[in-house]
Amino acid sequence: MFIDTTINITDKNRKLIKDYAFKLKITKSQLIVKLLTMYYEDNKNNCKLFKRIKYQKISNDEKWGQMHIWLNNGFYEKCLDMRKFHKLSLSNIVSVALKLYIHLISQKQNNV
């Protein structure tokens, strides 16, 4: 079973996800799952207690939009846990993971 969820994302990041997904021959949702998995593995012991969830800072200089992604129900539950324990919105986690890991995913794919 898959769950359709929506993230808020800058047009620049949306284009980056689209381009890398095309280059890697995977769906945008699959790319986002890879990014989130890498983020989770590197930050699973980085829990923040007694804080509010941090959302992305909206800039009027950038265009923003929504992106629909499909996650299997088990991974969706993991995303809810990441949101609760890391105190970041899913959209913010995707944005951070994109900056940190997109080039690593591309390099791994090229080395295969």
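As the structure is a prediction and not an experimental result, all values here were calculated from the model. (Residues numbered from 1 in each chain as written. Predicted model: local features only at pLDDT ≥ 70, side-chain atom pairs only at ≥ 80, totals over all residues. Heavy atoms only, no water.)

Trainee: What am I meant to see in the overall build of the protein here?
Mentor: When helices and strands are counted, the protein shows 4 helices and 2 strands. Reading the protein from its N terminus to its C terminus gives the helix and strand order β-α-α-β-α-α. Taking 112 residues into account, the globule formula puts the C-alpha radius of gyration at 13 Å, and the protein, at 14 Å, falls close to it. Across its three principal axes, the protein shows a C-alpha extent of roughly 40 × 35 × 30 Å. Counting over 112 residues, the protein shows a buried share of 37%. Pairs at least 24 residues apart make up 87% of the contacts formed inside the protein by residues separated by at least 6 positions. Carbon and sulfur atoms make up 53% of the accessible area of the protein, which totals about 7,600 Å². Averaging the locations of the 21 positively and 9 negatively charged side chains of the protein gives two centres separated by 3 Å. (Helix = DSSP H or I, 4+ residues; strand = E, 2+ residues; numbered from the N terminus. Rg over C-alpha atoms; globule rule 2.2 N^0.38 Å. Buried < 20%, exposed > 50% of the residue type's maximum accessible area, 1.4 Å probe, protein only. Contact = heavy atoms within 4.5 Å. Areas by Shrake-Rupley, 256 points an atom, 1.4 Å probe, with all protein chains shown as cover. Lys, Arg positive; Asp, Glu negative; His and termini not counted. Charge placed at Lys NZ, Arg CZ, Asp CG, Glu CD.)

Trainee: I'm lost on the nonpolar core in this one. Help?
Mentor: Side chains of nonpolar character tend, in soluble globular proteins, to be buried together. Of all hydrophobic cores here, the largest spans 27 residues; its most connected members are Ile 7, Ile 17, Leu 31, Ile 32, Leu 35 and Leu 36. Elements with a contribution of two residues or more to this core: strand S1 (2–10), helix H1 (11–24), helix H2 (28–43), strand S2 (64–72), helix H3 (73–86) and helix H4 (90–111). Here this core gets 8 residues from one element, more than from any other, and that element is H4. Aside from chain neighbours lying at most four places away, what touches Leu 36 is Phe 75, Cys 79, Met 82, Leu 90, Ile 93 and Val 94. (Core = buried A, V, L, I, M, F, W, Y, C linked by side-chain atoms within 4.5 Å.)

Trainee: Explain the packing of H1 against H2 here, please?
Mentor: Any two packed helices are characterised by how steeply their axes cross, that is the angle between the axes, and by the distance between the axes. One can describe the packing of H1 onto H2 by two numbers: an axis separation of 9 Å at closest approach and a directional angle of 100 degrees. On the basis of their axis angle, the class for H1 and H2 is roughly perpendicular. Between H1 and H2, the residues in contact are Ile 17, Lys 18, Tyr 20, Ala 21 and Leu 24 and Lys 28, Leu 31 and Ile 32, respectively. Among the residues making up the contact of H1 with H2, the classes are represented as 6 nonpolar, no polar and 2 charged. (Axes fitted to C-alpha atoms, helices over the stretch in contact; angles between N-to-C directions. Parallel < 35°, antiparallel > 145°, perpendicular 65-115°, else oblique. Nonpolar A, V, L, I, M, F, W, Y, C, P; charged D, E, K, R; others polar.)

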